[in-house]
Amino acid sequence: MPNRFPGALSQDWEPVVLHKSKPKAQDLRDPKAVNKAILSGAPVQTVKKFDAGSNKKTAPIVNARKLEEGTEPAALDKVSTEVRQLIQKARLEKKMSQAELAKQINERPQVVQEYESGKAVPNQMVLAKMEKVLGVKLRGKISKS
């Protein structure tokens, strides 16, 4: 029978050393790992970060509403009740729905609805289109309701 290993066989008695991989930084910050290191007597480094975890402000607290009112204009003007009623009256006289009026002025039906309910901030371009389609003067009558 032929020998599979030609020559003399010798055993290798050199020690094999296996090293553990270094722990990742995230693993070192884990509270369990820190407690384990403290209990085993290993050195643990703690660093206090400047203002860490504090939401305290040293400046005096200013009321946000007062600050906003001081820098921003009050409320935007809305469509007056007079203009709202003129739009509705003229649209109904022409027997148009809000959707039809919106289609003729190239706006969304929601825009016409907002103008008629008084929620819209007046836009001169939209009012000009409505004037042209409805045949009613709307501009110059925009005031706060």
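Residues numbered from 1 in each chain as written. Predicted model: local features only at pLDDT ≥ 70, side-chain atom pairs only at ≥ 80, totals over all residues. Heavy atoms only, no water.

Caption draft 1: The layout of surface pockets, seen in detail. Of the volumes computed, that of the largest pocket is approximately 280 Å³. Leu28, Arg29, Ala33, Val34, Ala37, Pro43, Val44, Gln45, Thr46 and Val47 together form the lining of the largest pocket. Sort the elements by how many residues they give to the lining of the largest pocket and helix α2 (residues 31-40) lands first, with 3 residues. Class assignment of the residues belonging to the lining of the largest pocket gives a composition of 7 nonpolar, 2 polar and 1 charged. (1 Å grid on protein atoms, 1.4 Å probe; cavity = no way out; pocket = protein on both sides within 12 Å on 5 of 7 lines; lining within 4 Å. Points joined across faces, edges and corners; volume = space filled by probe spheres on them. Helix = DSSP H or I, 4+ residues; strand = E, 2+ residues; numbered from the N terminus. Nonpolar A, V, L, I, M, F, W, Y, C, P; charged D, E, K, R; others polar.)

Caption draft 2: Inspection of helix α4 (residues 81-93) at higher detail. Between the first and last C-alpha of α4 there are 18 Å, a value that for 13 residues agrees with the 18 Å anticipated at 1.5 Å per step. If you check which residues of α4 are buried, you get Val83, Ile87, Ala90 and Arg91. With its buried residues spanning 100 degrees around the axis, α4 presents them on a single face. Counted as exposed and oriented over 90 degrees from the buried face of α4: Gln85, Lys89, Leu92 and Glu93. Turning to α4, the residues buried within the fold contact α5 (98-104), α6 (109-117) and α7 (124-134). Positioned one or two residues after α4, Lys95 has a phi angle of 55 degrees, which is positive. (Expected span 1.5 Å × (residues − 1). Buried < 20%, exposed > 50% of the residue type's maximum accessible area, 1.4 Å probe, protein only. Arc of directions from axis to C-beta. Contact = heavy atoms within 4.5 Å.)

Caption draft 3: Local environment of the packing of α4 against α6. Closest axis-to-axis distance for the α4/α6 pair is 7 Å, and the angle between their directions is 125 degrees. As far as their axial angle goes, α6 and α4 are oblique. Of the residues in α6, those touching α4 at Arg84, Ile87, Gln88 and Arg91 are Tyr115, Glu116 and Ser117. Across the contact of α4 with α6, the residue classes break down as 2 nonpolar, 2 polar and 3 charged. (Axes fitted to C-alpha atoms, helices over the stretch in contact; angles between N-to-C directions. Parallel < 35°, antiparallel > 145°, perpendicular 65-115°, else oblique.)

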